[in-house]
Amino acid sequence: MKHPITAIALLAFTLLASPCLAQQVEVEEFTLPNGMKFLLCPRHDQPNAIAAGWVAKVGSVNERPGITGISHFFEHMMFKGTDIIGTRNAAGDAAFRGRQKELRDRINQLIWDGQYKRARAGEIDNPWDPANDTDEIKALRAQLRTQMEEQQGRVHEERIATIKKEMAALGANEPGTAEALSSLNGELERLESDQKSRGTIVKDEFDLIYIEAGASGVNAFTSYDITFYIITIPSNKIELWCWMESDRLANSTFREFYSERDAVHEERRLRIDSTPTGVFQEQFESMFWQSSPYSWPVIGWPSDLNSYTFEEALHYFNIYYRPNNLVGVMVGDFDPADAKQQITRYFSRLERGEIDPPPVVTEEVAQRAEMRMIAQAEAQPSVTVQYHTVPFSHTDSYALDMLSQVLNGRTGRLYKSMIEGKEIASSAGAGGDNRKYAGAFSFSAEVKGDSTPEQLEQGWYAEVARLQNELVSDHELQKVRNQSAADAYRRLQNNFFLMIQLGFAENLGDWRYINEEPKRLQAVTAEDIQRVAKEYFTPENRSVAIYRRKAGTAPAAEDADLAVLPAPMQGMAKQAAQQIMGITDAEELRDALAQMEAQGAQMPPEAKPLMDYVMKKAKARLAELEGGSKE
C-alpha cells in the first residue's frame, strides 16, 4: 500500500462500519459489456468533490502456497505506471525489464535447484540469504542491482553521495579549496547527467498527476478478500480518473518488479518482524486457520515473495484484475449521465479475462480441541481468545455483532468488569471478523499492574458463562440498538467512507447489504445472543494466545490514549503505533503524516479517535527522529 499506516485506519473503520437504520442509500448500477460493474451514488451535499475507487475481488484468500502475498504485491506494482505514465523512455524501460527478468529467472533457478538442497543438507541456513550465495549467484545479483539502479537513475548514487560529503568537508580558507571544489563539482555534474540519461523511470508520476489536478488521498489496501484503490477527486476530473485508472488496468508494465519486492520486505519488517508480537500473531493465525487459505498472512511468506516469477504473476493478474472481476464506485457531486459516458469511453477498452476466477473451495475444517500458544514477547502481558464463527452476512453474524456491542465500550461489560471493576486490565475488547468465506470472534486484553494473562482469560470465561446462562436485559439490548443506529447514521454522512462501505459490501456479497443490515441488527433478540454464545464460545472451538513479558524487558508504561479508544480499534491502533516506532526515515514519516492530515478531514466521528491516536504517535516519533520536540 502507498502508506500502510494510513490504510490501517481506513481498514479499521471499514471493518467496524455498520450502515444506517433510517437512511436508504440509493445506488445506480451500471455494467459494461466487458463485465465491469459500477456503483454510482450522486450526492450533492458535499460540493465539488467525488470519492472514487475500484475494487478487485481478490485478496490473499485467492492465493496458494508458492505465491502467497502476490495480491498485496500487485497493489504496489500498479502504482508504478504504464508505458505512458512513469517513464521517459518506454522502449528503453522495456529493455531494462527484459534484462532484469533474465537475470532474476537465473538467480531463482540457481537458488531453487542448488541453495535449497544445501539448506536441506545442513550446509547453509537460509537459501535466500545473500551471505550464503555462491560466486555465480553473487555475480548475477550484482548485475541485477546495476540494471535496477540504471533504470531508476541511481547508477552513480554512492559516488555522488561521497562527492557531496567531500565538498561539504572542504574548509573555505584552506589552500586549493577553490580548485578542489571545481573539480568535484565537475565530476558531480557529469555523474548526475549520465545517470539521468540512462534512467527511464519518472518516480511517483502516477501520484503527481493526480495531486497536480487537485486530487487527494491517493491510496490502496489489500486484505484477505479484497484489493481496493481509492481517491478523492474534484468533480471536474471524472475524465482524468477514468483515463488514469483504465490505463493502469489495461497497460500496467509492472515496472520495478524485482526491486519492489525489497520495499515489500521492508513493509513486512515494519508490520510484523519489528513489532513485539507481530511474528507471534502471524503464527497464531496460521494455527487457528487449519485448512482455510486465510492461514497465510496478507503480506505473504518471505520465501514466496522472493520466488515470484513474472510469468506466474502475469497469469494471476489476467485472472483477477480483468473487468469481469472488478467493481468501480463513485460517490459525490457528479452527474450520472456524464459519469457513465466517461466510464464507457475509457473502461470499455479493458478486455474480459479469458479465465474466470476459480471458486475458493477449501473450507475450514471443524476444530475438535482447544489450541494454545504461549509466547515470550517484549510487550505488556496479554491474552487473545479466538473462536471460529460465521462468514459475512450469515444469519448468526447479526447476533454476534450485537453481542460484541454488549461487551464493548465504556458502558460495556468488559470495561465494567475488567478495567473499572477488578482493575486487572488496561484494555479489553471483543469483536467479530466476518470474512467472505469464514469468520472468527476474538477477545483480547492487556494486563494492568500485577495481574496476569491467565486472570484475564478467566475473566473472559466468566463473561462468556454469563452470556450463555443469562439473557441480556431489555435495557442493555435497547442501549446497544440505539447506539448502533446512531453510529451507523453518522457513517453514511461522509462520501469517502460511504464509497469504501459500498465497495466492501459488493465485494463480499451485495452492496444492498448496507441497506438491509440495520433491520437485521435491530431484530436481534436476547435469545439470539444467548444462542450464538452457546453455539460458538465452546472450549473445543477456541484458540488461546498467552503473551508473557520476555525476561529482562521492562514493563511498558500504560498507554492512556489507547485505553480510551473503542475496544475494536485498539488492536489496529497498537499495530499502527508499532509500525511507527519501526520507521527510521523522517521523510517517510512526514509523507505519511501529510496523507493522514489530508484524509483526517474526511474521517467520520467513529474513525477520528483512531486517526488522532495514530497521528499523535507519528508526530512524537518524528520529533524523536528530528531530535527536537515538534508537536
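1. Description of the packing of helix 15 (residues 413-421) against helix 16 (residues 453-469)
Following both chains from N to C, one finds helix 15 and helix 16 inclined at 145 degrees, their axes separated by 11 Å at the closest point. Remark: the crossing between helix 15 and helix 16 carries right-handed chirality. Within the contact between the two elements, helix 15 uses Arg413, Leu414, Ser417 and Met418 and helix 16 uses Leu456, Gly459, Trp460, Glu463, Arg466 and Leu467. The residue inventory of the contact of helix 15 with helix 16, partitioned by class, reads 5 nonpolar, 2 polar and 3 charged.

2. What about the environment of Pro297?
Tracing the backbone through its elements, the reader meets Pro297 in the loop between helix 10 (278-288) and helix 11 (302-307). Among the residues examined, Pro297 registers a relative accessible area of 11% and is labelled buried. In this structure the C-alpha to C-alpha distance between Pro297 and Ser60, which are 237 residues apart in sequence, comes to 7.4 Å. Ignoring sequence-local partners within four residues, the contact set of Pro297 consists of Ser60, Arg268 and Glu282.

3. A short note on the packing of aromatic side chains
Scanning the model with the defined rule gives 33 aromatic pairs in all. Note on Phe74 and Tyr316: the rings are 6.4 Å apart at their centroids and 5 degrees apart in plane angle, and the pair reads as stacked. With Phe74 in helix 2 (residues 70-77) and Tyr316 in helix 12 (residues 310-320), this pair connects stretches of sequence that are 242 residues apart. For the residue pair Phe74 and Tyr316, the accessibility class agrees, reading buried in each case. Ring pairing ties together the aromatic residues Phe73, Phe74, Phe254, Phe257, Tyr258, Tyr308, Phe310, Tyr316, Phe317, Tyr320 and Tyr321, which thus form one cluster. Between Arg435 and the ring centre of Tyr224, over which it is positioned, the NZ or CZ distance is 3.5 Å.

4. Some points on the sheet that holds strand 3 (residues 49-56)
Neighbouring strands of a sheet are bound in pairs by backbone hydrogen bonds; such pairs are parallel or else antiparallel. What the 6 strands build is an open sheet, ordered 1-2-6-3-5-4; its pairing is mixed. Looking at which strands have only one partner, the edges of the open sheet turn out to be strand 1 (28-31) and strand 4 (216-222). Across the sheet, the axes of successive neighbouring strands diverge by a mean angle of 15 degrees, strand direction being ignored. Relative to strand 6 (residues 326-332), strand 3 runs antiparallel, the two being bridged by 7 bridges. In the sheet register, Gly53 faces strand 6, and the bridge partner there is Val329. Sitting on the sheet, helix 18 (residues 495-508) touches strand 2 (37-42), strand 3, strand 4, strand 5 (227-234) and strand 6, and the angle it makes with strand 5 is about 150 degrees.

Basis of the calculations
Residues numbered from 1 in each chain as written. Predicted model: local features only at pLDDT ≥ 70, side-chain atom pairs only at ≥ 80, totals over all residues. Heavy atoms only, no water. Axes fitted to C-alpha atoms, helices over the stretch in contact; angles between N-to-C directions. Helix = DSSP H or I, 4+ residues; strand = E, 2+ residues; numbered from the N terminus. Left-handed = near helix turned anticlockwise from the far one by under 90°. Contact = heavy atoms within 4.5 Å. Nonpolar A, V, L, I, M, F, W, Y, C, P; charged D, E, K, R; others polar. Buried < 20%, exposed > 50% of the residue type's maximum accessible area, 1.4 Å probe, protein only. Phe/Tyr/Trp six-rings, centres within 6.5 Å; stacked < 30°, edge-to-face > 60°. Lys NZ or Arg CZ within 6 Å of the ring centre and 35° of its normal. Pairing = 2+ DSSP bridges.

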